[in-house]
Amino acid sequence: AVFFTEIVKAVTSLTLVILESGGVKPAAEALQRNFMQSPPELMKAAVPSLIYTVQNNLMFYSFEKLSAPVQQVMYQMKVVTTAGIGVLMLGKSLSNTKWIACFLLAAGVAMVQWPRHGAGLESFGSDHVKGFVAVLMACCTSGFAGVW
């Protein structure tokens, strides 16, 4: 599924470049000019795209281990990880209101994951742990790629 997703994205991107450039030859020249002759430009595009590919793999893996609602609620932690990575990498500062909002989001995600009455920890298996770790790693990669 991930490989097919990446193929669809590549074909769509190349099609759009061809349409915007006015043909195959101008598109090839534009791609060469923007990526092959300027390594910093290549890195600006390559690093996030590789990280997003890893993130997509983690997301598909987490869907195998967790139910869709649980996975999507957990994935909201990407807001918190993006804020934290932005502070660390870019030296940004967040206002108290934004930090409180991040804390409330994290608390909300934790409350949704808290075992319900009658559903003890015995229903919490190793697949759930693997799914949670995959989602948290996807959140971190999303935050890193977004800040990069």
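Notes on the structure in this doc start here.

The next thing to look at is the overall build of the chain. A tally of regular secondary structure across the chain gives 7 helices and 0 strands. Starting at the N terminus and walking to the C terminus, you meet the elements of the chain as α-α-α-α-α-α-α. The principal-axis extents of the C-alpha atoms in the chain amount to approximately 65 × 40 × 20 Å. Considering the chain as a whole, with its 148 residues, one finds that 23% of them fall into the buried category. The contacts in the chain between residues at least 6 apart in sequence include a share of 74% that link residues at least 24 apart. In the form shown here, the chain has an accessible surface area of approximately 9900 Å², with 70% of it arising from carbon and sulfur atoms.

Here we come to the side chain of Thr81. Position of Thr81 among the secondary structure elements: in helix 5 (residues 78–90). Those residues in contact with Thr81, other than ones at most four positions away along the chain, are Cys139 and Cys140.

The rules behind each value
- Numbering of residues starts from 1 in each chain and follows the order in which that chain's sequence is written.
- Under the rules for a predicted model, residues below a pLDDT of 70 receive no local features and side-chain atom pairs below 80 are neither given nor counted, while totals for whole chains, interfaces and linings still include all residues.
- Excluding hydrogens and water, the side-chain figures rest on all heavy atoms present in the structure.
- Every helix listed is a DSSP run of H or I at least four residues long, and every strand listed is a run of E at least two residues long, numbered separately from the N terminus.
- Each residue gets one of three labels from its accessible area relative to the maximum for its type: buried under 20%, exposed over 50%, partly exposed in between, using a 1.4 Å probe on protein chains only.
- Residue contacts are counted whenever heavy atoms from the two residues lie within 4.5 Å of one another.
- In these tables, accessible area is a Shrake-Rupley quantity obtained with a 1.4 Å probe, and a residue counts as shielded only by the protein chains included in the view.

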